[in-house]
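Chain and residue survey
Residue-level listing of the chains:
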Amino acid sequence: MPGVDGPKTTTFALDKAGLDRLIAALRRRGYRVIGPSVADDAVVYGDVASAADLPAGLGDEQAGGRYRLRRRDDGALFGYTVAPQGWKRHLYPPRQKLFAARRSAAGFEMLPPEPPAAPMAFLGVRACEVAAIAIQARVFGDKAYPDPGYGQRLAAAFVVAVECAQAGGTCFCASMGSGPAVSGGFDVKLVELAGSGRHLFLASAGSPAGTDLLAELDAPEAAPGDVAEAERQVAVVAGAMGRTMAAETARTLGEHAEHPRWDEVAKRCLTCGNCTMVCPTCFCTTVEDSTDLKGEHAERWRKWDSCFTVDFSYIHGGSVRTEGRSRYRQWITHKLSSWHAQFGSSGCVGCGRCITWCPVGIDITEEVAAIQASRK
Amino acid sequence: MTAPIPDPMLPRPFRIEKVRRDLSDTFTMELVPAEGGEFTFAAGQFNMLYVFGVGEVPISISGDPGDRSVLVHTTRAVGAVTKALDALKAGEVVGVRGPYGTPWPVEAAFGHDLVFVAGGVGLAPLRPAIYQAMANRERFGRVVVFYGARTPEDILFKRELERWRGRFDMSVHVTVDRATGKWSGNVGVVTNLVAKGGFDPSATMAFVCGPEVMMRYSAAALEKRGVARPSIYMSMERNMKCGCGLCGHCQWGPHFVCKDGPVFRYDRIADLLSIREL
């Protein structure tokens, strides 16, 4: 996993076969390559063996409470915006075994942990997702008791970022300062140029490991015109987003723990927790303890949890947040306001997933704007 | 490369040395590390206690921070894990993760009158601070304990309270919500005791622990008496799954109660306490 930007590096031009060589080179290095493919009518980030597994000629249509795959005629491999589930699923899996223990004469003994899994290479990480990974690295790492699993998986990972060639229907990364241009946090950055009779991937390195990998691909240097086109392309994307998050959001929410809008949004919110499951930075978990039938082998598993459940805040006597308004307020205020105090940034990267995957299409930017407007 | 990070989610086995029943639903356990060694903590901190195969609960430490040979926990059996804990006997093993959280600032209170306000089982997290204060008795002005229980049968650490009351360098006032049997002591809420004073409010540090509503009213009573907000501390309770800032459950405004608390300075949380369902 790379650090900050290095000096300006060479930009190479890969064709589809070159992209295949990149995937093969990662696999030769022992990485489990994870990238986009299609399953259940959606783009999912899973194992890919070659460029043939990528979602060729598919785009996505996203709106509040709506997601559809759409065929596109340029054959683009990264023609969608973001998959429903981000890379969190791989860096902080939905179910993780914390430990296993065995009953013994003296009480119980802890069983040795399982060896770490193969390092992962992520292919197709968007700018907002690079930002989300950096945010979760602070959440899990920057404290007295860091999570060792997250740190190890991220340190071992190889990141191939792919810059967006179009804005998604619910995107607002430009106003969060987290995209669409990818400016760090990658080993290799790709820009896909599709249509107009050519199909290229401009590749540049962001770390020594990336430089090393690209050197092996035997690719020509990119033409200056193509490099300029890549820059123009991302500038167009930045200006094409239909939503913005107000700059003073953190303060607005911090000052409005009580506001009629909480009652209003609670009338629509189903407290289903979808937004927290698709959010690339939501990190809350619960634990589940179990034993075998003989009561001799016990395990403890950590599972993704959501602040939208009543149980989430349960203490003896009852839950703290019983009402929907309290739980929605907790989620959005944490994400956009108290996150700054806790981790030094917003917890939102503007990926738009919470809007797309909300069954009733609640729009995080619209909720903030409503509270913002009432201040004036 | 750096050394591997120790996994904060792995419990350490501790053997139960002794179990004492305090009240019908409350018990105190003395634990020692199964593999030997000592346990160091600061008054006000808590541990995550694991019952094999059942689960984990955050429980404050109720023993003497000056005694590293034994770890003492006082627990009220109200849920699945605490009831399973209650069923364990001396010789059996529990898992321990910790100590976690912020301590009572006992040393910062040197030179002041020290007032403890406890409600119900809230006396347990305060007891380590009382031990520490009495071990440094000459460093304080007056030391006062105000304690409220539901009934005389619910008075926790009763013999110890009586012993403390017998000392000439400490005052102990107990009240019950409802008198039963031959009770002839105070009846009413613990804030009534605070209102009577017996300490110099301009030079007092107060540590408050009990149900949240009791702590709110106690802080108000202390303030009314003249104790400044920054001199009042209270210990908060929230749902916790990890105890060390990873699971997100205990969030309260910008705070993680597990690592930014449980002991908070009142002036830093007074606003949050007034927001319903935060």
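Residues numbered from 1 in each chain as written. Chains lettered and ligands numbered in written order. Predicted model: local features only at pLDDT ≥ 70, side-chain atom pairs only at ≥ 80, totals over all residues. Heavy atoms only, no water.

1. A word on the environment of B:Gly198
- When you line up the elements, B:Gly198 lands in the loop between helix 4 (190-196) and strand 11 (204-209).
- With sequence-adjacent residues up to four places away left out, B:Gly198 is seen in contact with B:Arg142 and B:Val144. (Helix = DSSP H or I, 4+ residues; strand = E, 2+ residues; numbered from the N terminus. Contact = heavy atoms within 4.5 Å.)

2. Looking at the sheet that holds strand 15 (residues 263-265) of chain B
Residue and element names in this part refer to chain B.
- Taken in spatial order, the seven strands of this open sheet run 10-9-8-7-11-12-15, and their pairing is mixed. Here the strands that pair on one side only, and so sit at the sheet edges, are strand 10 (186-187) and strand 15.
- Of the pairings in the sheet, the one linking strand 7 (residues 113-119) to strand 11 comprises six bridges and is parallel in character. The residue bridging Ala118 from the neighbouring strand is Cys209, located in strand 11.
- Contacts from helix 2 (residues 123-135) reach strand 7, strand 8 (143-149) and strand 11 within the one sheet, and its direction differs from that of strand 7 by about 160°.
- The strands touched by helix 3 (residues 158-166) are strand 8 and strand 9 (171-176); relative to strand 9, the strand with the most contacts, the crossing angle is about 140°. (Pairing = 2+ DSSP bridges. Axes fitted to C-alpha atoms, helices over the stretch in contact; angles between N-to-C directions.)

3. A short note on the domain arrangement of chain A
Residue and element names in this part refer to chain A.
- Taken domain by domain, chain A comprises domain 1 (11-93 + 111-238) and domain 2 (249-286 + 306-375).
- Centre-to-centre, using C-alpha coordinates, domain 1 lies 28 Å away from domain 2.
- Tallying the contact residues gives 30 residues for domain 1 and 27 residues for domain 2.
- For the pair domain 1 and domain 2, the summed buried area comes to about 2200 Å², and 62% of that belongs to carbon and sulfur atoms.
- On the domain 1 side of the interface with domain 2, the three residues burying the most area are Lys88, Ile135 and Phe172, jointly 24% of the side's total.
- Across the contact surface, domain 1 and domain 2 share one salt bridge.
- The residue Arg353 makes a salt bridge to Glu129 at a minimum N-O spacing of 2.5 Å.
- Within the residue set of the side of domain 1 that touches domain 2, elements represented by two or more residues are strand 4 (58-63), strand 5 (66-71), helix 3 (127-141) and helix 5 (173-176).
- Of the residues forming the side of domain 1 that touches domain 2, the biggest block, nine residues, is contributed by helix 3. (Domains from an automatic or database assignment. Buried area = accessible area lost by both parts, 1.4 Å probe. Salt bridge = Lys/Arg side-chain N within 4 Å of Asp/Glu carboxyl O.)

4. Notes on the packing of aromatic side chains
All names here are of chain A.
- Enumeration according to the criterion identifies 31 aromatic pairs over all chains in this entry.
- Look at Phe140 and Phe283: their rings are 6.2 Å apart centre to centre, the planes differ by 85°, and that puts the pair in the edge-to-face class. One end of the pair, Phe140, is in helix 3; the other, Phe283, is in the loop between helix 10 (274-278) and strand 12 (285-291), with 143 residues separating them in the sequence.
- Assessed through its relative accessible area of 0%, Phe140 is described here as buried. (Phe/Tyr/Trp six-rings, centres within 6.5 Å; stacked < 30°, edge-to-face > 60°. Buried < 20%, exposed > 50% of the residue type's maximum accessible area, 1.4 Å probe, protein only.)

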